[in-house]
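# Coordinate analysis (summary)
Below are the chains, spelled out letter by letter.
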Amino acid sequence: MTQPTNPGFSTRAIHAGQEPDPRTGAVVPAIYQTSTYKQDGVGGMREGYEYSRSANPTRTALEQCIAELEGGAKGFAFSSGLAAEDTVIRSLLHPGDHMIVPTDAYGGTFRLIDKVQKRWGIDYSLAKVSQPDAIRGEIRPGVTKIVWIETPTNPLLGIADIAAIAQIAHEAGALMVVDNTFASPYLQQPLALGADIVVHSTTKYCGGHSDVVGGAVVVSKSVAVREFADAAERIGFHQNSMGAISGPMDSWLVLRGLKTLAVRMEQHCSNAEQVVEYLQGRGDVTHIHYPGLDSHPGHDVAARQMRRFGGMVSFQLEGGEQHAVDAIGRTKIWTLGESLGGVESLIEHPGRMTHASVAGTELEVPADLIRLSTGIEDVRDLIDDLGQALG
Ligand SMILES: *Cc1c(COP(=O)(O)O)cnc(C)c1O
């Protein structure tokens, strides 16, 4: 196919890195379930493939596709979101360096930085991503090397102003890394707003079907901090040295998921909006956390930097923790489980489940909080089921 000069999002999702196979015409990239490659004489590699930790054609297709979807120079696919995050931090920082981390970061991200990276000499400070001045206040000149944000955040759906924070980071000579898992590249493009690196748990919306665990990193075409101009080379070197790569089958599943990302995200957003409207109409819901609401403190920023407001909704209920836990246990279509971003709707209690590990820290979440990952089932059924569960 000759690519149009400026292909739209779904055209890239369906075609980038995925030319039909020249030999057979197969439209879908093969699952190259191979560890090694025949060489034509010693050192005679075909198209650069010698061993599948270093590179595999199915993974290459995914890496090219996700790089194009984020508008970046180079993509890397990993065995999980946390492997992607670990690679970014360890390939770029040195003992003694400092990073800024969101107060409501994904619990696993916080654990990685607090329990693993810190032992190897990487220091961090917490700051609310919704308050750029708080981030500025935590900068240690010459020592802070990464400002790490998520937006929207998990599980409270806080919104960070990506462009404003990128400027703060760059003035301090620090890289701006955005975990774009909640928005997906369809709803939000951090690199275009000034971020240097995007990370994903492709387990979530990119894969989209709750059938794979994976992660990705995309590096900008114009990394703003000179010290990190070679970030893509360093990340690629670390990916191969450490080896937490995405296998061929997992790469293929994420690649297939990406093809329908736009249509799925539209439906996730529409369903979430209707669920929010339903919750607003109930008398016993005390707080709804959804950036699409005018009353959300990050609404204006979200409206500026996101295409729509996403499929994640959190809310609080009258009646306290036990009432919330009981209601969650009564849903029939909303499946009680961790994770998010799949076609099936999920419900969970962050305080006792996804965020149990941050109890007692600054990241602790309200005890009566319920988190919804709105799937793409018929929204009428989702609302009926919430209704019977909440009573
Ligand atoms: C799930 C998640 C991660 C971690 O990804 P894994 O694929 O589970 O390793 C990181 N960030 C966010 C926002 C997530 O939701």
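Residues numbered from 1 in each chain as written. Predicted model: local features only at pLDDT ≥ 70, side-chain atom pairs only at ≥ 80, totals over all residues. Heavy atoms only, no water.

## Here we look at the overall build of the protein
Summing up its helical and strand segments, the protein has 13 helices and 12 strands in all. Scaling as 2.2 N^0.38, a compact globule of 391 residues should have a C-alpha radius of gyration of about 21 Å, and the protein matches this with 21 Å. Referenced to the eigenvectors of the C-alpha coordinate spread, the extents of the protein come out at roughly 75 × 50 × 35 Å. Taken across its 391 residues, the protein has 56% of its residues classed as buried. In the protein, the proportion of contacts linking residues at least 24 apart, taken out of those at least 6 apart, comes to 72%. Split by element, the accessible area of the protein, about 16,000 Å² in all, is 52% carbon and sulfur. One finds the centroid of the 32 positive side-chain charges in the protein at a distance of 5 Å from the centroid of its 46 negative side-chain charges. (Helix = DSSP H or I, 4+ residues; strand = E, 2+ residues; numbered from the N terminus. Rg over C-alpha atoms; globule rule 2.2 N^0.38 Å. Buried < 20%, exposed > 50% of the residue type's maximum accessible area, 1.4 Å probe, protein only. Contact = heavy atoms within 4.5 Å. Areas by Shrake-Rupley, 256 points an atom, 1.4 Å probe, with all protein chains shown as cover. Lys, Arg positive; Asp, Glu negative; His and termini not counted. Charge placed at Lys NZ, Arg CZ, Asp CG, Glu CD.)

## Topic: the UniProt feature "modified residue: N6-(pyridoxal phosphate)lysine" (unreviewed entry) in the protein
UniProt annotation of "modified residue: N6-(pyridoxal phosphate)lysine" (unreviewed entry) refers to Lys 204 when read in the numbering used here. Within the fold, Lys 204 resides in the loop between strand S6 (197-201) and strand S7 (215-219). We classify Lys 204 as buried; its relative accessible area is 10%. Excluding residues within four positions of it along the chain, Lys 204 makes contact with Thr 181, Ser 339, Leu 340 and Gly 341. (UniProt positions renumbered as here; feature names shortened; annotations may be inferred.)

## Digging into the domain arrangement of the protein
Domain assignment breaks the protein into domain 1 (9-259) and domain 2 (262-390). Between the C-alpha centres of domain 1 and domain 2 the distance comes to 26 Å. Taken residue by residue, the interface counts 37 residues in domain 1 and 38 residues in domain 2. Here domain 1 packs against domain 2, burying approximately 3,100 Å² in sum over the two surfaces, 62% of which is carbon and sulfur. Considering only the surface of domain 1 that becomes buried against domain 2, Tyr 186, Leu 187 and Tyr 205 emerge as the three largest contributors, covering 25% of it. For the pair domain 1 and domain 2, the number of links is one salt bridge. In this structure, Arg 304 and Asp 161 form a salt bridge, with 3.0 Å as the shortest nitrogen-oxygen distance. Taken together, the links from domain 1 to domain 2 amount to 15 residue pairs in polar contact (both at pLDDT 80 or more). (Domains from an automatic or database assignment. Buried area = accessible area lost by both parts, 1.4 Å probe. Salt bridge = Lys/Arg side-chain N within 4 Å of Asp/Glu carboxyl O. Polar contact = N/O pair within 3.5 Å; in protein donor to acceptor, adjacent residues only side chain to side chain.)

## Side note on unusual backbone geometry
The residue after Thr 151, namely Pro 152, is reached through a cis peptide bond having omega -10 degrees. Relative to the assigned elements, Pro 152 resides in the loop between strand S4 (144-150) and helix H6 (162-171). Here the amide bond leading from Asn 154 into Pro 155 is cis, since omega sits at 5 degrees, within 30 degrees of zero. Phi is positive for Ser 184, close to 70 degrees, though the residue is something other than glycine. Residue placement: Ser 184 occurs in helix H7 (residues 184-187). Relative accessible area serves as the criterion here: at 0%, Ser 184 is assigned to the buried category.

## Here's the deal with the site of the ligand
Of all residues adjacent to the ligand, which total 14 residues, the nearest are Gly 81, Asp 179, Ser 201, Thr 203 and Lys 204. One of the backbone N or O atoms of Leu 82 is found 2.9 Å from an oxygen atom in the ligand. In this structure, Lys 204 approaches the ligand through a side-chain N or O atom, which is 2.7 Å from an oxygen atom. If the ligand stood free it would expose 380 Å²; the protein chains cover 92% of that surface. Top contributing element to the shell around the ligand by residue count: helix H3 (residues 81-92), with three residues. Residue composition of the shell around the ligand, grouped by class: four nonpolar, six polar and four charged. (Near = heavy atom within 4 Å. Nonpolar A, V, L, I, M, F, W, Y, C, P; charged D, E, K, R; others polar.)

## Here's the deal with the nonpolar core
Of all hydrophobic cores here, the largest spans 78 residues; its most connected members are Val 147, Ile 149, Met 176, Leu 279 and Leu 372. Sorting elements by how many residues they give to this core places helix H10 (residues 261-280) first, with eight residues. Shared between two domains, this core takes at least three residues from each, and those domains are domain 1 (9-259) and domain 2 (262-390). Within the second largest apolar cluster, 33 residues are counted, among which are Val 199, Val 223, Ala 244 and Leu 363. (Core = buried A, V, L, I, M, F, W, Y, C linked by side-chain atoms within 4.5 Å.)

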